[in-house]
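# Breakdown of the fold
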Amino acid sequence: MPAAVDLGQLVAAVGDAIVVTDASGAITLWNPAAERMFGFSRSEAVGRSLDLIIPERLRHRHWEGFHKTMLTGQTRYGTDLLRVPAVDKTGRALSIAFTVALLHSADGKPAAIAAIIRDETSRFNEERSLRKRLAELEAQLAERSAAAT
């Protein structure tokens, strides 16, 4: 028979941040990877709003979707990988990718949302640099083509 998995140990050991909020949006779980990624200790994050890591300009839209999900019990994202900006404790901008899971109480009502989050800031910056370089090369090529005609 396979050994039982210690879920607490799993949550603490994974390299991706795991953040869980209750139905009001208060953080109830903040694993060590979330501490490393966002710079807030568990004690600084648990009990606080997700506004801790959401850029101010995106908060209204986030909370509209969050509250609708908690009211209806449905998320339009399902298992899609979402990519959005975030901020860390110092205010530094991050680019994160995450999936969400809607968790239900025993009576079937939405009770919490769990997010599994990966910091993709380096990848995002590399892709932005490549797109910029590609645009520069295409502009140079267009200039040469125009000059040749």
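Residues numbered from 1 in each chain as written. Predicted model: local features only at pLDDT ≥ 70, side-chain atom pairs only at ≥ 80, totals over all residues. Heavy atoms only, no water.

Attention now goes to the overall build of the protein chain. If you tally the helices and strands in the protein chain, you get 5 helices and 5 strands. Overall, the protein chain shows an N-to-C arrangement of helices and strands of α-β-β-α-α-α-β-β-β-α. Its C-alpha atoms give the protein chain a radius of gyration of 20 Å, clearly above 15 Å, the size a compact globule of 149 residues would have. Considering only C-alpha atoms, the protein chain reaches an extent of 75 × 40 × 35 Å along its principal axes. The proportion of buried residues among the 149 residues of the protein chain is 30%. (Helix = DSSP H or I, 4+ residues; strand = E, 2+ residues; numbered from the N terminus. Rg over C-alpha atoms; globule rule 2.2 N^0.38 Å. Buried < 20%, exposed > 50% of the residue type's maximum accessible area, 1.4 Å probe, protein only.)

So, about the sheet that holds strand β4 (residues 93-104). Spatially, β2-β1-β5-β4-β3 is the arrangement adopted by the 5 strands of the open sheet, whose pairing is antiparallel. At either margin of the open sheet sits one strand with a lone partner, and together these are β2 (27-30) and β3 (82-87). Strand after strand, the sheet turns through a mean of 35 degrees between neighbouring axes, direction not considered. In this sheet, strand β5 (residues 110-119) lies alongside β4 in antiparallel orientation, the contact comprising 9 bridges. Bridge assignment links Val 100 to a residue of β5, and that residue is Ala 115. (Pairing = 2+ DSSP bridges. Axes fitted to C-alpha atoms, helices over the stretch in contact; angles between N-to-C directions.)

The biggest cluster of nonpolar side chains holds 28 residues, and the ones touching the most others in it are Trp 30, Phe 38, Ile 96 and Ile 117. Only β1 (17-22), β2, α2 (32-38), α4 (59-72), β3, β4 and β5 provide two or more residues apiece to this core. Excluding residues that lie within four positions of it along the chain, Phe 38 makes contacts with Ala 17, Trp 30, Ile 53, Ala 86, Val 87, Asp 88, Lys 89, Leu 94, Ile 96 and Ile 117. (Core = buried A, V, L, I, M, F, W, Y, C linked by side-chain atoms within 4.5 Å. Contact = heavy atoms within 4.5 Å.)

Taken together, Val 5, Leu 7 and Leu 10 make up a surface patch of nonpolar side chains, about 310 Å² in accessible area. Residue placement: Val 5 occurs in the segment before α1 (7-13). Judged by relative accessible area, Val 5 falls into the exposed class, the value being 62%. (Patch = residues over 30% accessible without salt bridge, like charges linked within 9 Å, V, L, I, M, F, W, Y side chains within 5 Å. Areas by Shrake-Rupley, 256 points an atom, 1.4 Å probe, with all protein chains shown as cover. Salt bridge = Lys/Arg side-chain N within 4 Å of Asp/Glu carboxyl O.)

Let us now look at the pattern of salt bridges. For the structure on display, the rule yields 5 salt bridges. The partner of Arg 59 in a salt bridge is Asp 51, and the shortest N-O contact between them spans 3.9 Å.

By the secondary structure assignment, Asp 88 is in the loop between β3 and β4. A polar side-chain atom of Asp 88 sits 2.7 Å from a polar atom in the side chain of Thr 90. (Polar contact = N/O pair within 3.5 Å; in protein donor to acceptor, adjacent residues only side chain to side chain.)

When a strand is regular, its side chains alternate between the sheet's two faces. With 6 bridges connecting them, β3 and β4 associate as antiparallel partners. Along β4, the bridge assignment pairs Val 87 with Ala 93. Taken together, β3 and the strand that follows it, β4, pair antiparallel across an intervening segment of 5 residues, in which Gly 91 is found at a positive phi of about 90 degrees.

On the secondary structure map, Leu 137 appears in helix α5 (residues 121-148). For Leu 137, a relative accessible area of 38% translates into the label partly exposed. Taking the C-alpha atoms as reference, Leu 137 lies 53 Å from Asp 6; in sequence the two are 131 residues apart.

Within the secondary structure, Glu 56 sits in the loop between α3 (42-45) and α4. In this structure the C-alpha to C-alpha distance between Glu 56 and Glu 143, which are 87 residues apart in sequence, comes to 41 Å.

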